[in-house]
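Next come the chains, spelled out residue by residue.
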Amino acid sequence: IAGNQLMIVAGAEGGLNKNTYRTLSDFNPFITSRPILTNNAFTAYYLGLKGSAKTLEYDLRVGYKQNDNLPLFVLNTKNFSRFGVKYADVDFTYGTASLTFRPSTNIIVNAAINKNFYTKKAEPQAWGLPSIEFNGSVQYKTLNKKLLLTAESYVNDGIPYTDDLGNTGKSNLLLDISLGANYAITKNVGIFAQANNLAN
């Protein structure tokens, strides 16, 4: 519409997600050690706007996604630190917005928000899946760009849960804050420090 500053994007895609122990535990590290593994077929459609200027990049999208055998997570009452995997057909409408702002050559600000509206589901709720997620980060380079300081945050709303006895509920809001520092001593050698879960 206006060069790189304003573009319309639209598309449709489909495929098969091969669920493995690694992919499931990346999303939920507390799954049982021997989950049932079933592939997830999906079809997605989206429409949005994106663009970039001198100091700003943005991407705004809305879409609809159909899922067959989407993995959901069920609390195991025999071991409350573990979740079983349950597959269900779940369709949802979503909206996403991401922003990258570079006020100077030494500072980068990133922010992204995602909202899901679960419209069709075989289960009463999309167990273990958030409806709102927010990510934000600030990066600052100093000392001739040898030192990189980073602050990051992640927030999601209360997540609906169920257990294998049929009890249901909703978790509290999740807030995670982390700080990091990386210093390049030479081109190939560096040191770093990272502090996670500062909001406990």
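Below is a short write-up of the structure. Since we're looking at a predicted model, the values are computed, not measured.

**Structural notes on the overall build of the protein**
- Looking only at helices and strands, the protein features one helix and eleven strands.
- Listing the helices and strands of the protein from first to last along the sequence gives β-α-β-β-β-β-β-β-β-β-β-β.
- Taken along the three principal axes of its C-alpha coordinates, the protein extends 60 × 45 × 30 Å.
- Here the protein holds 200 residues, and the buried ones make up 28% of them.
- Per element, the accessible surface of the protein, about 12,700 Å² overall, is 56% carbon and sulfur.

**Observations regarding unusual backbone geometry**
- You will see that N197, though not glycine, has its phi angle at about 55°, which is positive.
- By secondary structure assignment, the location of N197 is in the segment after strand 11 (190-195).
- Phi at N200 takes a positive value of approximately 55°, unusual for a residue other than glycine.
- Residue N200 is classed as exposed on the basis of its relative accessible area of 79%.

**Some remarks on a nonpolar patch on the surface**
- Residues I1, I8, L47, L49, L60 and V62 make up a contiguous nonpolar surface patch of about 580 Å² in total accessible area.
- Here L47 is to be found in strand 2 (residues 40-52).
- By relative accessible area, which is 48% here, L47 ends up partly exposed.

**Structural notes on the pattern of salt bridges**
- By the definition in use, this model includes three salt bridges.
- For the salt bridge of R102 with E57, the shortest nitrogen-to-oxygen distance reads 3.2 Å. With a gap of 45 residues between them, R102 in strand 4 (residues 83-104) and E57 in strand 3 (residues 56-75) connect regions that are remote in the sequence.
- Residue class for E57 comes out partly exposed when judged on its relative accessible area of 37%.
- In this structure, R61 and D59 form a salt bridge, with 2.9 Å as the shortest nitrogen-oxygen distance.
- Since its relative accessible area comes to 23%, R61 is described here as partly exposed.
- The class of D59 is buried, set by a relative accessible area of 16%.

Analysis parameters
- Residues numbered from 1 in each chain as written.
- Predicted model: local features only at pLDDT ≥ 70, side-chain atom pairs only at ≥ 80, totals over all residues.
- Heavy atoms only, no water.
- Helix = DSSP H or I, 4+ residues; strand = E, 2+ residues; numbered from the N terminus.
- Buried < 20%, exposed > 50% of the residue type's maximum accessible area, 1.4 Å probe, protein only.
- Areas by Shrake-Rupley, 256 points an atom, 1.4 Å probe, with all protein chains shown as cover.
- Patch = residues over 30% accessible without salt bridge, like charges linked within 9 Å, V, L, I, M, F, W, Y side chains within 5 Å.
- Salt bridge = Lys/Arg side-chain N within 4 Å of Asp/Glu carboxyl O.

Nothing here speaks to function; it is all geometry.
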